[in-house]
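# Overview (structure and organization)
Listed below are the residues making up each chain.
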Amino acid sequence: MLPRRIFVANRGEIVARVARTAAALGIDTVAVAARHAVPRFLAQEVTRLHLVAQESSDFYLDADNLIAIAKAESCDALHPGYGFLAENAAFAEKVTAAGLTWIGPAATTIAQMGDKHAARQIAMAAKVAVVPAVFIAADSSVAATQKILAAFSSQHGLPVIIKAVAGGGGKGMRVVHDAQQLLAAVQATAREAQTLYRNAALLVEKYIATPRHIEVQIVGDQQGQLIVLGERECSLQRRFQKIVEEAPATCLAETQRQGLHDAAQRLGRHVAYYSTGTVEFLFNAEQGEFYFLEMNTRLQVEHTVTEEVFGVDLVAAQIKIAAGESLDPLLCSKRKPGGHSIQVRIYAEDATCDFLPAPGRVLAFHPYHGTGIRWEIGCEAARDVSPFFDPLLAKLIATAEKRALAISRLQHGLARTFIAGVKTNIAFLQTLLAHENFQQAHVSINFVAQNITTLLQTMQDNAQQTELEEIAEVLLEHYGAEGQDRGMARIFAKKTRDTAVMILQSYTDDEVQAGCGIYAEVSFFHFVLQRQAQGMAVTVGCGGRLHHAATAPGTWEAETHTSAAGTLTAPVPGRVAAVNVKARDDVEEGTVCVIIESMKMEFALKAPGAGSVQEVRVAAGDLVSDGQTLVVFVAE
Ligand code: ADP
């Protein structure tokens, strides 16, 4: 019997994704949201929201509490989504022990596959090729480690990649090219692994020079049937994490594809796998060889492209399999993909700054909808992108008969999508999609890293902003003028150098004035205007490019680092790294009073003017939200 009510123990787009399928199956869903920031995209999909005071990453890692909520909300099943506890065998066991249906594979399988070393052993037993590697136990002495490394590098040479056996999500890995640095790198990775995963055991693997990342989707039931639903190529990555994913993989000859599918199926059968799972491989196109990388015992972020080309619902399959149903004959009849599907992950991040997360407040989000376009959305206007979670904003998926058309739809979709308030990787994704190598499907996992300088240069060259500058200027002039009826949609035109800016729609949304228009009768643009202490700032987006401008020069930049006279407020949500002042201290204009850490960035917050400190409202280590008052001053 299918569950009646599923608790989705996760956050963001995947919760909405699971809830949508559950609703289609007539099943209720419950999910968690912070009381002060309930996202609309969640509220409209789930049956019930369980509101909490604050959403922290610890919250989604607290197995007992999550299970208690599921029970209190009368749920009879739990979907873990991806990330957090999705691949935590102890959690799966606890969920089952609490009398809830775990929507995922057996806890024993999760445990076996969650350890990269154990997973390799199983792959070998299932006669699946693996990358040459050695295991370094958590308690290996320096002398023993040195001996193992020397033996391995004399047999396989360098470079190698060092991985925490308990690692995942591209974290806890290091590539080493120089023998001199090998031992130190192994020790550093072990220390990190101990802190991150409480397990210092490592694998040192031969580093495959320019492989492709190809993964096979498997689906099995509890009766022992197991099918392959094609493969995906996910070679375009940054920081060992995927950003563009597609199905099918175009680089495979039919015999290679069959070999890969067979290997994944052998492995799945070997562990009596049930639910959806992914077997990841590195594929060396020149030699036509593939090596088992790891198995993911959950739904993947990129499951969407498989759904598109096979016309299936993998979440529905998960739910039915967990309920004990055998594989749907319709699902089993899906042998060949139809068409081509590509997903891009839109992140709040700064491509020009090593793809560092760029948390902050989203001011506007307008996804483009069209034929062959699918969205999975995890953000919206007037909500913060938290520094404590993965900054994935949304996934854009385009599908078409042929790959070239899928790319073209994706490009059109990105160009017509507008996200303001936070930095995004949209322009970077556009640059990638337009690159000849991507168009020809000639990429490897190192493509982004190896071409980063030219990619960023192209991205900057494409960001020619004359028209955006003109639009911004007109908007600031129009909306900045006193006595304008700003709340009303209006149509007006203004001549500037023979071209016209025409506003088609304008509305007030939360604290911003937003709208859209056309420029010179061709370029469709979106905009948001924000009132600031000194004037007004505008963001204009057109063709996937963004431009910021402000009435008082510099206010846009300044706004994120200093506050209006009298107080110091947090420009982004984050953790207080240091407080340099105390009550009654004298400060000069520019004295650094508080340092906030938001992901890996530091924000030094300076006194807005000379004066003395009246009150300090935070201490080092405190979590602060966007706009929270940190220090109050008395002017000199
Ligand atoms: P995680 O579990 O953190 O995702 P994986 O083992 O799946 O780690 O590896 C993630 C990515 O790291 C791969 O997609 C690939 O880009 C790179 N990688 C991993 N192992 C190797 C290797 N032996 N040679 C080259 N690149 C590798």
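Being a predicted model, the structure only gives us computed values, none of them experimental. (Residues numbered from 1 in each chain as written. Predicted model: local features only at pLDDT ≥ 70, side-chain atom pairs only at ≥ 80, totals over all residues. Heavy atoms only, no water.)

A few words now on the overall build of the protein chain. Looking only at helices and strands, the protein chain features 19 helices and 37 strands. Compactness check: the protein chain gives a C-alpha radius of gyration of 26 Å against a globular reference of 26 Å for 636 residues, within 12% of the reference. Its C-alpha atoms give the protein chain principal-axis dimensions of roughly 75 × 55 × 55 Å. Per-residue burial for the protein chain yields a buried fraction of 53% across its 636 residues. Relative to all contacts within the protein chain whose residues are 6 or more apart in sequence, the contacts with residues 24 or more apart total 63%. Of the accessible surface of the protein chain, which amounts to about 26600 Å², a share of 50% is contributed by carbon and sulfur atoms. Across the protein chain, 56 positive and 68 negative side-chain charges occur, with their mean positions spaced 5 Å apart. (Helix = DSSP H or I, 4+ residues; strand = E, 2+ residues; numbered from the N terminus. Rg over C-alpha atoms; globule rule 2.2 N^0.38 Å. Buried < 20%, exposed > 50% of the residue type's maximum accessible area, 1.4 Å probe, protein only. Contact = heavy atoms within 4.5 Å. Areas by Shrake-Rupley, 256 points an atom, 1.4 Å probe, with all protein chains shown as cover. Lys, Arg positive; Asp, Glu negative; His and termini not counted. Charge placed at Lys NZ, Arg CZ, Asp CG, Glu CD.)

This next bit is on the sheet that holds strand β8 (residues 173-176). The antiparallel open sheet is built from four strands, whose spatial order is β6-β9-β7-β8. Of all the strands in the sheet, the pair left with one neighbour each is β6 (133-136) and β8. On average, adjacent strands in this sheet sit at an angle of 20 degrees to one another, irrespective of strand direction. The pairing of β6 with strand β9 (residues 202-206) spans four bridges and is antiparallel. Of the residues in β9, the one forming a bridge with Ala133 is Glu205. Seen against the sheet, helix α6 (residues 116-125) touches β6, β7 (160-164) and β9 and runs at an angle of roughly 55 degrees to β9. (Pairing = 2+ DSSP bridges. Axes fitted to C-alpha atoms, helices over the stretch in contact; angles between N-to-C directions.)

Taking 1.5 Å as the rise per residue, helix α8 (residues 179-197) with 19 residues should run 27 Å; its terminal C-alpha atoms sit 26 Å apart, in good agreement. Among the residues making up α8, those that are buried are Leu182, Leu183, Ala185, Val186, Ala188, Thr189, Ala190 and Ala193. Packing partners of the buried residues in α8 comprise β6, α7 (142-156), β7, β8 and β9. N-capping of α8 is provided by Asp178, with a side-chain oxygen placed 2.9 Å from the backbone N of Gln180. Where α8 ends, the next residue or the one after it, Arg198, has phi of about 55 degrees, a positive value. (Expected span 1.5 Å × (residues − 1). Polar contact = N/O pair within 3.5 Å; in protein donor to acceptor, adjacent residues only side chain to side chain.)

Attention now goes to the packing of helix α4 (residues 89-97) against helix α5 (residues 107-114). Across the interface, α4 lies against α5 with an axial gap of 8 Å and an inter-helix angle of 175 degrees. With respect to their mutual orientation, α4 and α5 come out roughly antiparallel. Facing α4, whose interface residues are Ala89, Ala92 and Glu93, α5 presents Ala107, Ile110 and Ala111. In terms of residue class, the contact of α4 with α5 is built from five nonpolar, no polar and one charged. (Parallel < 35°, antiparallel > 145°, perpendicular 65-115°, else oblique. Nonpolar A, V, L, I, M, F, W, Y, C, P; charged D, E, K, R; others polar.)

Lining the immediate surroundings of the ligand are 21 residues, of which Lys116, Gly170, Glu205, Gln237 and Glu294 lie closest. For the ligand, a nitrogen atom lies 2.9 Å from a polar atom in the backbone of Lys206. At 2.9 Å from an oxygen atom of the ligand is found a side-chain nitrogen or oxygen belonging to His213. Within the complex, 96% of the 550 Å² of free accessible area of the ligand lies under protein. Looking at the shell around the ligand, the elements with two or more residues in it are β7, β9, β13 (275-284) and β14 (289-296). (Near = heavy atom within 4 Å.)

Moving on to empty space enclosed by the protein. With the rule as written, the count across this model stands at two cavities of 30 Å³ or more. Lining the largest cavity are Arg212, Glu233, Ser235, Leu236, Val244, Glu246, Thr250, Arg403, Phe438, Ala441 and Val443. The set of elements that each furnish at least two residues to the lining of the largest cavity consists of β11 (226-238) and β12 (241-247). In terms of residue count, the dominant contributor to the lining of the largest cavity is β11 (three residues). Taken together, Pro80, Gly81, Ala86, Trp102, Ile103, Gly104, Pro105, Thr297, Arg298, Leu299 and Gln318 make up the full set of residues lining the second largest cavity. Split by residue class, the lining of the second largest cavity holds six nonpolar, four polar and one charged. (1 Å grid on protein atoms, 1.4 Å probe; cavity = no way out; pocket = protein on both sides within 12 Å on 5 of 7 lines; lining within 4 Å. Points joined across faces, edges and corners; volume = space filled by probe spheres on them.)

What the domain assignment reports for the protein chain is domain 1 (5-103), domain 2 (132-206), domain 3 (210-335), domain 4 (339-462), domain 5 (466-550) and domain 6 (567-635). Between the C-alpha centres of domain 2 and domain 4 the distance comes to 33 Å. (Domains from an automatic or database assignment.)

Of all nine residues in helix α14 (residues 426-434), seven are buried; the element is thus mostly enclosed. For α14, the set of buried residues is Ile426, Phe428, Leu429, Gln430, Thr431, Leu432 and Leu433.

Here we take up the packing of α7 against α8. As a packed pair, α7 and α8 sit with axes 10 Å apart at the nearest point and diverge in direction by 125 degrees. Judged by the inter-axis angle, α7 sits oblique to α8. Of the two possible hands of crossing, α7 and α8 adopt the one that is right-handed. Contact with α7, carried on its side by Val142, Thr145, Gln146, Leu149 and Ser153, involves Leu182, Leu183, Val186 and Gln187 of α8 and no other residues of that element. In terms of residue class, the contact of α7 with α8 is made up of five nonpolar, four polar and no charged. (Left-handed = near helix turned anticlockwise from the far one by under 90°.)

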